[in-house]
Amino acid sequence: MLLAVLSGFIVASFVPFAGKFLRGKWSFVLTLLPLILFIYFLSYLPAVSGNGTQLLSFNWVPSMGINFNFLVDGLSLLFALMITGIGTLVFLYTSAYMKGDAYLDRFYGYLCLFMGAMLGMVLSDNIFTLFVFWELTSISSFFLIGYNNENKESRKSALISLAVTGLGGFFLMAAFALMGYIAGTYSISEMMGSAAVLKEHGLYLLIVIFLFIAAFSKSAQYPLHFWLPGAMKAPTPVSTYLHSATMVKAGIYLLARFTPVLGHVAVWNNTLMIVGGFTMLYAAFHSIFKKDLKEILAYSTISALGMLVFLLGLGTSEALLAATVFIITHALYKATLFLVTGIIDHEAGTREIAALSGLRKVLLPVALAGLLAMLSNSGIPPSFGFVGKDLIYESTLGSEIGAAALTAVTVFTNILLLYASILVGVKPFAGPLPDAFSKVHLPDWRMWVPPLLLGSAGLILGLFPGVIEGSLISPALLSIDPSAPLFHLQLWHGFNTILGLSAVTIFGGILLYFFFKPSLRHDTWLEKLYKSSPKQVALQFSQHFRNFAAVWTRLIQNGYLRIYVLIIISFLTTLLAYKSFTQVVFYVDLSQISPLTSAELVVMTILIAAVIYVVYTPSRLSAVAAMGVIGYCICLIFVFYSAPDLAMTQFAIDTLTVILFILVLYRLPKYITYASWLIRLRDGLISLFFGALITILALEVLNEPTQKVTTQFYAANAYTLAKGKNVVNVILVDFRGIDTLIEITVLTISALGVFALLKLQLNKYDQEL
Amino acid sequence: MKQLIFKTATNFLLPLLLLFSIFILLRGHYLPGGGFLGGIIASIAFVLHAFAFGLRNTRRLLRVSPMVLMPVGLALAVFSAILPFLQGLPIMTGLWLSDPLPVIGLVGSALLFDLGVYIVVLGVALTIIFTISESV
C-alpha cells in the first residue's frame, strides 16, 4: 500500500533520467503505472463492498503521532479508482496529444507526482499526512498549470492558483491542528468517536470556518473560484485530470470525509448550502456567456462543484447519495468533454465556439464521445447522469426547509448547465463543415479512444447501475453517512414529480440553446460585473500588497549595509531594553565574579586599546589589523576559561576574516570621512547603548541558575554512547548532528549566494563594456 | 607580496598545514579539533598559496573548482546520516567499526560526517574568498 501511494513519487524521481526514452514513441509506457494502480485498487473492491474498511499503518514519526495510516473505505476507494482510472486514460491521451513536446518527460514527471499526491491525500487516515499530500497536490498542480512556462498568462495563472490553494492550505493546517488538539488524536477514523466532543467544543465554529476556507479554495467555490478558469491555460490533459476529475474534487472529498465528524450541525449545513447553491448558480450563469470551449467547461465545472457542496450541505441521506453518484457522473462526463475539447483544439486549431461546426464529418468517434457526455451531463435517459439528476431532485424535494426554492434553484442551474453541455458536446460537431476544417483528420487512436471509453461508461452505468451500486456507491455512502439506509439505484422511477422536473430541465435547456444567442450587449454588461468580481478584488489586493512591499523594502533594506546594521541593532536594543527593564528585576551579584588575574588584566588592556584604536585610526588597513588583535585577545580569554575548541576555531576564523577584509579593502579608496558629526554621534550613541545592554545582559545571566541537566547528560554520555572524549565535538557530530548538517547546508547556500551576487555583477559589468 | 621568502615558505607551509588540518580533523573526537576547524585551516593553507603564487595557480593545484567540494561534502554528511537508516536504525545513529585502524584510530560514521563538514567548510571558505578576490 505504501508502495502504491509512493509509486507516483518514485517513478517521478526516475523520469528525468529516462528523458530521451520517454520523449520518443515510448512515452505511453508510463500509462502502465496508473493502470497497474487501478487494477491494484480494484482488488480492494470485494473487501470494501462487504463494508470491511481496511486500515494499514506504516510508522513515520510515531513520537509525534504522524504516521502513514492508510484507510481504505468506500469513499477513499471511490476516489482512488477515479484518480487511477481517469489517470490511465489521461496518461495514454497525453502520449499522443503532447507528442514531440520538448519536455514531455518533465510533464509526465509532474503528472506522476500529482497522481501520487492525490492518492496519498484520499487514502490518508492521519490528518497531518493528509495535509502534506494536500499541499503536494497544490504544488504539483502549480507546475502543471504553468507548464507552458514561456507564456506569461500561463505563469500568472499558475501563480494565482498556487496562491489561492496555498491560502487554503494554511487554513487546513490550522483546522487540523485545532481538531487534533481537541480530539486528542490525529487519526480521522478515531476522530469519529470524538465527534460529539468536537461539535460541542467552543472552537467548533473556528474549525469549521478554517476547514471551509480550505475546501472552498481547492474546490473553487465562490468567492475563491477565480483561479479555476485561469488554470485552463494548462495543456488539456491537465485540465482533464486536475480540473475536472481529481484535484478540484479534493475539497469535496475533505467535506465528505469530515461530514461524519463535524457535519449535521446547522452552521455546517447552512453554510455549505448557501455557498454551494450560490456558486452553482453564479458559475452556471457565467458559463453560458463564454465563447471558448475550455472556459465554458471551467465555469460548468465550478457550477458542478457548487452543486456537490450544496448536496453535502443538504446533508440528508438522499442528498449524500445524490452527491456520491454525482461525483462519479461528473468525473466521467466532464473528463470526456475536456478530452473532446482537447482533440478539437489539437486538430482544428481553435476553441472558439462560434467558429466550430460540422466536425462530425471528420471526427466521428469524437463526436460520438461528445454526444454521450452531453447526454450524461444533461441527464437525458438512459445515461447515468439521468440517475444522478433524479437523485438530486429527490433530495431537494425532500428537504425540510424551502424545498420548493431549493428545487427551483437546482432546476434553473441544470437548465443552464445543459445549455453549456450542448454547446461543448454537440455544437462543434453539428451543422455544415466549413472549408477551413475540411482537412481535419482523426488523430491517433490514443486520443479518441479514452473519451469514447469514458463517454460509454456513462451510458453503461446508466443502463446497469447495479454494477457499481452495491460494490462502490453503497460503501462510499456509508463512509460519509454511517446510518444511511439501503437504497436501490434505478433508471425508471415511474411518472412522478421528479420525472416532470427532469423533463422541464431537458426542454428548458434545448429551448435555451435554440433561442438564446450571446450578443455584444451581454458582453458589455458582463464587463461591468467582472469589475467587481472576487478575482479583481484579489488582484487589486495583491497589487497593493506588492506596492506596500516595495515601499517597505525601500525603507528598511535600502542597499546601504550601514543602515541594515543600524536597523537590526536598534531594533534588538529596543526590544531587549524593553523586556529587561519592564519584566526583569535587575541586580548584579558581585560575589559571583571571580578575581582578575594578571594575565587577564594584560589581555584586557590590549583589547581595550585595540578597540579605541579601531575607532580612531585614519587607515582602513590598520583598523582591520586591530580588529584581528581584538579577535586574538578573545581567543586568549577563551583559553583562560578552558574552552580550547572555541579558542582554536576563533583563531582560525579570525585569521580568515582578516584575510577576507584585506582582499576586499585592498582596492578601496582611501579612508575619507563622509559622515557628518551628527550621524557619527547617532552611530556612536547606538553602539554605546547596544554595548551597555549586552554588558548588563551578561551580568544578568550570571544570576540565572544554569540548567545543568543537559550539560551533565552530554558529559556523562559522550563516551559511552558516542565513543568520543571531546564533548564539544560529540555534540556537533552526534548528539546534535542534524543541526550541524543544516548549518553546513546554510554555509553552502551563503557561499553560493556570494558567488551568484558577485558573478552577476561581473556579467553586468561585461555587458556595459 | 611576491617576495621570495614568502613563496618558499608557502611551498613548505602548504603541505604542513594540510597535514595539520587532517590531524585536527582526526583527533576531533577525543581532543580539541574537528571538521569545522580542520576545514578552516585547510582553506587558510590554500589562501596562503593563492597569495604567494596567484589565484590561477591555486586553482590549478586544486584541480576541481571549490564549488564542487560543497555538494560533495554535503552528500558525504547526508550519506553518513542515513547510513544507519539503511540498516533499520534511526537516522544519525553512530556506527563504529569494531577494531581501531592504525594511525587513524577508531573509525565510525561520526568521522565520515566530520569529513563531510571538513569538505563543505573548505569549499565554502574557498568559494567565498576566491570569488571576492576575483571580483575586486
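Preceding block: the structure.
Residues numbered from 1 in each chain as written. Chains lettered and ligands numbered in written order. Predicted model: local features only at pLDDT ≥ 70, side-chain atom pairs only at ≥ 80, totals over all residues. Heavy atoms only, no water.

Undergrad: So what's going on with the overall build of chain B? Residues and values would help.
TA: The secondary structure content of chain B amounts to five helices and zero strands. Seen in sequence order, chain B has helices and strands lined up from the N terminus as α-α-α-α-α. Within the span of chain B, comprising 136 residues, buried residues form 47% of the whole. For chain B, the share of sequence-separated contacts (at least 6 apart) that also reach a separation of at least 24 residues comes to 65%. In the structure as shown, chain B presents an accessible area of about 6600 Å², 74% of it carried by carbon and sulfur atoms. (Helix = DSSP H or I, 4+ residues; strand = E, 2+ residues; numbered from the N terminus. Buried < 20%, exposed > 50% of the residue type's maximum accessible area, 1.4 Å probe, protein only. Contact = heavy atoms within 4.5 Å. Areas by Shrake-Rupley, 256 points an atom, 1.4 Å probe, with all protein chains shown as cover.)

Undergrad: Give a detailed account of the environment of A:Lys361, specifying residues and quantitative values.
TA: Mapped onto the elements, A:Lys361 comes out in the loop between helix H17 (317-348) and helix H18 (364-378). What A:Lys361 contacts, discounting residues up to four positions off in sequence, is A:Gly431, A:Pro432 and A:Leu433.

Undergrad: Please give an account of the interface of chain A and chain B that cites residues and values.
TA: Facing 39 residues of chain A, the contacting portion of chain B comprises 43 residues. Roughly 3700 Å² is buried in total at the junction of chain A and chain B, and carbon and sulfur atoms are behind 81% of that figure. If you tally residues by element for the side of chain A that touches chain B, the top one is helix H33 (residues 737-768) of chain A, at 15 residues. (Buried area = accessible area lost by both parts, 1.4 Å probe.)

Undergrad: Give a detailed account of the pairing of strand E2 (residues 66-72) of chain A, specifying residues and quantitative values.
TA: Residue and element names in this part refer to chain A. Counting buried residues in E2 gives seven out of seven residues, a clear majority hidden from the surface. Going residue by residue along E2, you find Ile66, Phe68, Phe70 and Val72 tucked away on one face and Asn67, Asn69 and Leu71 tucked away on the opposite face as well. With seven bridges joining them, strand E1 (residues 54-61) and E2 adopt antiparallel strand pairing. The residue of E2 that forms the bridge with Ser57 is Asn69. (Pairing = 2+ DSSP bridges.)

Undergrad: Talk me through the packing of helix H2 (residues 35-53) of chain B against helix H3 (residues 55-62) of chain B; I want residue IDs and the actual numbers.
TA: Residue and element names in this part refer to chain B. The geometry of H2 relative to H3 is characterised by a closest axis approach of 7 Å and an angle of 135° between their N-to-C directions. Overall, the two elements H2 and H3 adopt an arrangement that is oblique. Contacts between H2 and H3 involve Phe46, His49, Ala50 and Phe53 on the former and, on the latter, Leu55, Asn57, Thr58, Leu61 and Leu62. Considered class by class, the residues forming the contact of H2 with H3 number six nonpolar, three polar and no charged. (Axes fitted to C-alpha atoms, helices over the stretch in contact; angles between N-to-C directions. Parallel < 35°, antiparallel > 145°, perpendicular 65-115°, else oblique. Nonpolar A, V, L, I, M, F, W, Y, C, P; charged D, E, K, R; others polar.)

Undergrad: Let's hear about the packing of aromatic side chains: which residues, and what values?
TA: Residues and elements named next belong to chain A. Summed over all chains, the structure comprises 26 aromatic pairs over all chains. Ring geometry for Tyr93 versus Tyr97: centroids 5.5 Å apart, planes at 15°, classification stacked. Of this pair, Tyr93 and Tyr97 both sit in helix H5 (residues 74-97), separated by four residues, roughly a single helical turn. Tyr97 shares its class with Tyr93; the two are buried. Taking 6.1 Å as the distance between ring centres and 20° as the angle between the ring planes, the aromatic pair formed by Phe548 and Trp552 counts as stacked. With Phe548 and Trp552 both in helix H25 (residues 534-556), this residue pair falls four residues apart, about one helical turn. Its end group placed over the ring of Trp134, Lys218 keeps NZ or CZ at 4.9 Å from the ring centre. (Phe/Tyr/Trp six-rings, centres within 6.5 Å; stacked < 30°, edge-to-face > 60°. Lys NZ or Arg CZ within 6 Å of the ring centre and 35° of its normal.)

Undergrad: Explain the state of the cysteines to me, and be specific about the residues and the numbers.
TA: Here is the idea: a disulfide is a covalent bond, and it sits between the sulfur atoms of two cysteines. Summed over all chains, the structure comprises zero disulfides over all chains. No disulfide involves A:Cys633; its sulfur sits 8.9 Å from that of A:Cys635, the nearest cysteine. (Disulfide = S-S within 2.5 Å.)

Undergrad: Lay out the packing of helix H3 (residues 32-42) of chain A against helix H6 (residues 104-123) of chain A with the relevant residues and their values.
TA: Residue and element names in this part refer to chain A. In the contact formed by H3 and H6, the axes pass within 11 Å of each other and the chain directions differ by 20°. If you check the angle between H3 and H6, you find them roughly parallel. As for how H3 packs across H6, the hand of that crossing is left-handed. Contacts between H3 and H6 involve Leu33, Pro34, Leu37 and Phe41 on the former and, on the latter, Cys112, Met115, Leu119 and Leu123. For the contact of H3 with H6, a count of residues per class yields eight nonpolar, no polar and no charged. (Left-handed = near helix turned anticlockwise from the far one by under 90°.)

Undergrad: I'd love a proper account of unusual backbone geometry, names of residues and values included.
TA: Residue and element names in this part refer to chain A. Going from Tyr222 to Pro223, the amide bond is cis rather than trans, its omega being 0°. Considering the arrangement of structural elements, one finds Pro223 in the loop between helix H11 (204-218) and helix H12 (227-231). The phi torsion at Ala220 lies on the positive side, around 55°, for a residue other than glycine. Residue class for Ala220 comes out buried when judged on its relative accessible area of 0%. The phi torsion at His264 lies on the positive side, around 60°, for a residue other than glycine.

Undergrad: Give me the lowdown on the nonpolar core, citing residues and values where you can.
TA: In this structure, A:Phe41, A:Phe176, A:Tyr241, A:Leu254, A:Phe258, A:Leu262 and A:Trp268 are the most contacted members of the largest nonpolar core, which totals 188 residues. Among the elements that make up this core, the one with the highest residue count is H17(A) (20 residues). When neighbours within four sequence positions are excluded, A:Trp268 is seen to be in contact with A:Tyr204, A:Val208, A:Leu211, A:Phe212, A:Leu255, A:Phe258, A:Thr259, A:Leu262, A:Gly263 and A:Leu312. In terms of nonpolar packing, the next biggest core, distinct from the first, is built from 43 residues, B:Leu14, B:Met70, B:Leu74 and B:Val121 among them. (Core = buried A, V, L, I, M, F, W, Y, C linked by side-chain atoms within 4.5 Å.)

Undergrad: Help me get a handle on the pattern of salt bridges, residues and values and all.
TA: Residues and elements named next belong to chain A. As enumerated under the stated definition, the model contains six salt bridges over all chains in all. In this structure, Arg257 and Asp73 form a salt bridge, with 2.9 Å as the shortest nitrogen-oxygen distance. Of this pair, Arg257 sits in helix H14 (residues 249-262) while Asp73 sits in the loop between E2 and H5, placing them 184 residues apart in sequence. On the basis of relative accessible area, Arg257 is assigned to the buried category, the value being 1%. Between Arg351 and Asp345 there is a salt bridge; the shortest N-O distance is 3.1 Å. What makes Asp345 buried here is its relative accessible area of 19%. Look at the salt bridges and you will find they share partners, linking Asp292, Asp345 and Arg351 into a network. (Salt bridge = Lys/Arg side-chain N within 4 Å of Asp/Glu carboxyl O.)

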